[in-house]
Amino acid sequence: MTIKAGDKIPSITLRRPTADGMEEISTDDIFTAKRVVLFAVPGAFTPTCSQQHLPGFVAKVDDFKAKGIDTIACIATNDAFVMGAWANDHNVGDKVLMLSDGNGEFTKAAGLELDLSGLGLGVRSQRYALVAEDGVVKDLQVDEGGQLEVSSAEKVLERL
């Protein structure tokens, strides 16, 4: 079952890239007592994700902060090392919290998996964006068919 507005964010341990390698971080630490935008991509370094989705959030970070967002986070079913390399490639710095859901545990718990085995990519995350307040989903928008429409930085800002 897919997570929806009013649901609590699943309590899962993710990983994030750091200067010293990868570090574990719990979704409870990310979402508790904060207003968070989480956007998911099917894969780091893939065309739409790299050319539009991540760069849109990096460019608009000040607009999100002005609307009361404490954290912008990006999650993908890639390992933390790939997420770190992708962040470096896009000069993310501390603008976006890059999260690795390498085993797809969060993605499965949220009911947002996408089977791309036919393309040789395995099970990934759907492309989506959600807004959560104190660990509760307030808005979730899922893109269909590989498009980047409802989960873009611009569309999320319009809904805030």
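The preceding data block contains the structure.
Please read all numbers here as calculations on a predicted model, not as lab measurements.

### A short note on the overall build of the chain
For step 1, the next point in the chain: Helix and strand content of the chain: six helices and nine strands.
For step 2, the next point in the chain: Relative to its length of 160 residues, the chain is compact, with a C-alpha radius of gyration of 14 Å against a globular reference of 15 Å.
For step 3, the next point in the chain: Once the C-alpha set of the chain is aligned to its principal axes, its extents read approximately 40 × 35 × 30 Å.
For step 4, the next point in the chain: Residue pairs in contact within the chain that sit at least 24 positions apart in sequence constitute 63% of those at least 6 positions apart.
For step 5, the next point in the chain: Distance between charge centroids for the chain: 3 Å, based on 16 positive and 24 negative side chains.

### Let's talk about the pairing of strand 4 (residues 71-76)
For step 1, the next point in the chain: Counting buried positions along strand 4 yields six of six residues, so the element is predominantly enclosed.
For step 2, the next point in the chain: As paired elements, strand 3 (residues 35-40) and strand 4 share five bridges and run parallel to each other. Residue Phe39 lies in a different strand from strand 4, and its bridge partner there is Cys74.
For step 3, the next point in the chain: The sheet contact formed by strand 4 and strand 5 (residues 97-100) spans four bridges and is parallel. The partner of Ala76 across the bridge, within strand 5, is Ser100.
For step 4, the next point in the chain: A crossover links strand 4 with its parallel partner strand 5, the connecting element being helix 4 (residues 80-89), and its sense is right-handed.

### Thoughts on the pattern of salt bridges
Oppositely charged side chains are able to pair whenever their charged atoms sit close together.
For step 1, the next point in the chain: For the structure on display, the rule yields six salt bridges.
For step 2, the next point in the chain: Across the pair Arg15 and Glu24 runs a salt bridge, and its minimum N-O distance is 3.2 Å.
For step 3, the next point in the chain: On the basis of relative accessible area, Glu24 is assigned to the exposed category, the value being 55%.
For step 4, the next point in the chain: Across the pair Arg16 and Glu23 runs a salt bridge whose closest N-O atoms are separated by 2.3 Å.
For step 5, the next point in the chain: When its relative accessible area of 32% is taken as the criterion, Glu23 is described as partly exposed.

### What to know about the nonpolar core
Within soluble globular proteins, side chains that are nonpolar generally end up buried alongside one another.
For step 1, the next point in the chain: Counting residues in each nonpolar core, the largest one holds 25 residues, and the members touching the most others are Phe39, Phe57, Phe64, Trp86, Val96 and Met98.
For step 2, the next point in the chain: Elements represented by at least two residues in this core include exactly strand 3, helix 2 (47-59), helix 3 (61-66), strand 4, helix 4, strand 8 (128-133) and helix 6 (153-159).
For step 3, the next point in the chain: Of the residues forming this core, the biggest block, four residues, is contributed by helix 2.
For step 4, the next point in the chain: Counting 21 residues, the second largest nonpolar core, distinct from the first, contains Ile25, Leu38, Ala110 and Tyr128.

### A few points about unusual backbone geometry
For step 1, the next point in the chain: In this model, Ala33 sits at a positive phi of 60°, which is unusual for a non-glycine residue.
For step 2, the next point in the chain: Considering the arrangement of structural elements, one finds Ala33 in the loop between helix 1 (27-31) and strand 3.
For step 3, the next point in the chain: Not every positive phi belongs to a glycine, and Asn91 is a case in point at roughly 50°.
For step 4, the next point in the chain: By the element assignment, Asn91 lies in the loop between helix 4 and strand 5.

### Some remarks on the environment of Pro42
For step 1, the next point in the chain: Turning to its location among the elements, Pro42 is positioned in the loop between strand 3 and helix 2.
For step 2, the next point in the chain: The class for Pro42 is buried, based on a relative accessible area of 14%.
For step 3, the next point in the chain: Placed 72 residues apart in sequence, Pro42 and Leu114 show a C-alpha to C-alpha distance of 7.9 Å.

About the cut-offs
- Residues numbered from 1 in each chain as written.
- Predicted model: local features only at pLDDT ≥ 70, side-chain atom pairs only at ≥ 80, totals over all residues.
- Heavy atoms only, no water.
- Helix = DSSP H or I, 4+ residues; strand = E, 2+ residues; numbered from the N terminus.
- Rg over C-alpha atoms; globule rule 2.2 N^0.38 Å.
- Contact = heavy atoms within 4.5 Å.
- Lys, Arg positive; Asp, Glu negative; His and termini not counted.
- Charge placed at Lys NZ, Arg CZ, Asp CG, Glu CD.
- Buried < 20%, exposed > 50% of the residue type's maximum accessible area, 1.4 Å probe, protein only.
- Pairing = 2+ DSSP bridges.
- Right-handed = clockwise from strand over helix to strand, strands pointing away.
- Salt bridge = Lys/Arg side-chain N within 4 Å of Asp/Glu carboxyl O.
- Core = buried A, V, L, I, M, F, W, Y, C linked by side-chain atoms within 4.5 Å.

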